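Examination of the molecular architecture
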Amino acid sequence: MGYDTTARIVHWTVALLVILMIPAGLVMTSGVDRSLQNVLFAFHKSVGTILLLLIAFRIIWRLTHPVSPLPASVGAMQRLAAHATHFGLYFFLIVMTVSGYVRVTTGGFPIELFDALGIPPLFPRSEAVANTAKSIHAVAKYGLVLLIVMHVGAAVFHGLLLRDGVFSRMWPPFRRDSR
Ligand code: HEM
């Protein structure tokens, strides 16, 4: 029951990468040693752009692969809260990855991994666009962190306290019936 193996693998990969991206972003902008900053920037921009692709894939997969309904024990208000949180997570993940990508490319900075692969930037240089994207990136992180805290809180509540089967809709990363 629950999500198929593809959705689970992408979910846990995105979760792991986002959890690394947040401290990387905070540390690299906090005036650390230059060589550490360079490594973190290269990691943040390259992994962030991979995340953008993964999240786009995730949304397409979710829209084309219906999921079995939540257990009947989950009330209407809880369902609404869950759907709102999930929608918000997708929204802020898109805003974070797109604003980051736009900020870097319109600012004329490299995305090391994609440059090495010969993939050119999608947008031309523009200082005004880069500054707007930078502000959006800095503000949206609060929304994303708030929703992650709510999401993890709900997962722990269902998985450890209620044990009602909601957590096992997404865990383990490989579905036991191999679908
Ligand atoms: C889910 C994905 C992402 C998360 C969670 C994330 C998170 C963060 C955080 C927390 C900061 C620190 C901002 C601050 O404290 O003001 C930051 C900064 C930054 N991020 Fe991201 N980021 C993501 C995606 C990206 C992507 C895809 C790129 C570029 C390809 C990017 C480029 C940058 C840059 C350049 C900064 C430094 C701030 C600036 O000068 O613009 N980020 N990010």
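As shown above, the structure is provided for reference.
In what follows, the accompanying structure is described. A quick note: this is a predicted structure, and the numbers were derived from the prediction, not measured. For every chain, the first residue of its written sequence is number 1, and the numbers climb from 1 along that sequence. Note on the predicted model: pLDDT of at least 70 is required for a residue's local features to be given, and 80 or more for side-chain atom pairs to be given and counted; whole-chain, interface and lining totals, by contrast, use all residues. For the side-chain quantities, the full set of heavy atoms in the structure was used; hydrogens and water were omitted.

Attention now goes to the nonpolar core. V14, V18, L51, L93 and L144 are the most contacted members of the largest nonpolar core, which totals 15 residues. Every helix listed is a DSSP run of H or I at least four residues long, and every strand listed is a run of E at least two residues long, numbered separately from the N terminus. Of all the elements in the fold, those that place two or more residues in this core are helix 1 (5-28), helix 2 (34-64), helix 3 (76-106) and helix 5 (127-162). Leave out the neighbours within four places in its chain, and V18 touches L51, L93, L144 and I148. As used in this record, nonpolar core signifies buried Ala, Val, Leu, Ile, Met, Phe, Trp, Tyr and Cys residues forming a set joined through side-chain atoms within 4.5 Å. Accessibility here uses a 1.4 Å probe with only protein chains present; expressed as a share of the type maximum, an area under 20% marks a residue as buried, one over 50% as exposed, and anything in between as partly exposed. Working rule for contacts: check all heavy atoms of both residues, and any pair within 4.5 Å makes them a contact.

Let's shift gears to the packing of helix 3 against helix 5. Here an angle of 0 to 180 degrees is reported between the N-to-C directions of two axes, which are lines fitted to C-alpha atoms, with helices fitted over the stretch in contact. Running from amino to carboxyl end, helix 3 crosses helix 5 at an angle of 150°, the nearest separation of the two axes being 7 Å. By the angle class used here, helix 3 and helix 5 are roughly antiparallel. For the element pair helix 3 and helix 5, the recorded crossing hand is left-handed. Residues were grouped as follows: Ala, Val, Leu, Ile, Met, Phe, Trp, Tyr, Cys and Pro as nonpolar; Asp, Glu, Lys and Arg as charged; and all remaining residues, including Gly, as polar. When the residues that make up the contact of helix 3 with helix 5 are grouped by side-chain class, the tally is 15 nonpolar, 11 polar and four charged. For classification purposes, angles smaller than 35 degrees are called roughly parallel, those larger than 145 roughly antiparallel, those between 65 and 115 roughly perpendicular, and all remaining angles oblique. Crossing handedness is read from the near helix: turned anticlockwise from the far helix by less than a right angle, it gives a left-handed crossing, and turned clockwise, a right-handed one.

For the rest of this paragraph, the subject is the environment of S99. Position of S99 among the secondary structure elements: in helix 3. Ignoring sequence-local partners within four residues, the contact set of S99 consists of I94, A133, I136 and H137. A polar side-chain atom of S99 sits 2.7 Å from the main-chain carbonyl oxygen of V95. A 3.5 Å cut-off defines polar contacts: any pair of N or O atoms within that distance qualifies, except that in protein one atom must be a possible hydrogen donor and the other a possible acceptor, and neighbouring residues in sequence count only when both atoms are side-chain atoms. Of note is the side chain of S99, whose polar atom sits 3.2 Å from the backbone oxygen of M96.

Quick look at helix 5 now. Between the first and last residue of a helix there are one fewer steps than residues, each counted as 1.5 Å, and that sum is the expected span. With 36 residues, helix 5 should reach 52 Å at 1.5 Å per residue; the first-to-last C-alpha distance of 51 Å fits that figure. At any given residue, the bend is defined as the angle formed between two axes, one fitted to the seven residues that end at that position and one fitted to the seven that begin there. Its axis deflected by about 30° at A140, helix 5 carries its strongest bend there. Packed against the buried residues of helix 5 are helix 1 and helix 3. Remark: R163 follows helix 5 within two positions and exhibits a positive phi of approximately 45°.

To continue, consider the coordination of the iron atom of the ligand. Every protein donor of the iron atom of the ligand is listed here as H44 (NE2) and H137 (NE2), and their distances to the metal cover 2.0 Å. Each metal's donors comprise the N, O and S atoms found within 2.8 Å of it (within 3.2 Å for Na, K or Ca). Water is not part of the atom list, so some coordination spheres may appear incomplete. Under the classification used here, a metal with four donors is tetrahedral if each angle lies between 85 and 135 degrees, square planar if opposite donors are over 155 degrees apart and the others between 65 and 115, a six-donor metal meeting that same test is octahedral, and anything else is irregular. In this structure, the iron atom of the ligand is coordinated by six donor atoms arranged in octahedral fashion, with angles at the metal of 88 to 180°. Within this pair, whereas H44 is found in helix 2, its partner H137 is found in helix 5, the two being separated by 93 residues in sequence.

This brings us to the side chain of H44. Taking relative accessible area as the criterion, H44 reaches 12% and is therefore assigned buried. Reaching out from H44, the side chain makes a polar contact with the backbone oxygen of M21 at a distance of 3.3 Å. Setting aside anything within four residues of it in sequence, one finds H44 in contact with M21, A24, G25, M28 and H137.

Take unusual backbone geometry next. Between W171 and the following residue, P172, the backbone shows a cis peptide bond with an omega angle of 0°. With phi around 45°, R163 is a residue other than glycine that occupies positive phi space. When you line up the elements, R163 lands in the segment after helix 5. Taking relative accessible area as the criterion, R163 reaches 65% and is therefore assigned exposed.

Proximity is defined per residue: if any heavy atom of the residue lies within 4 Å of a molecule or strand, that residue is considered near it. What surrounds the ligand is a group of 24 residues, the closest being H44, G100, R103, H137 and K141. Between the ligand and the protein, one listed contact pairs a nitrogen atom with a side-chain N or O atom of H44 at 2.8 Å. Here H137 contributes a side-chain N or O atom positioned 2.8 Å from a nitrogen atom of the ligand. Of all the secondary structure elements, the ones that give two or more residues to the shell around the ligand are helix 1, helix 2, helix 3 and helix 5. In terms of residue count, helix 3 provides more of the shell around the ligand than any other element does, seven residues in total. For the shell around the ligand, the per-class residue count stands at 12 nonpolar, eight polar and four charged.

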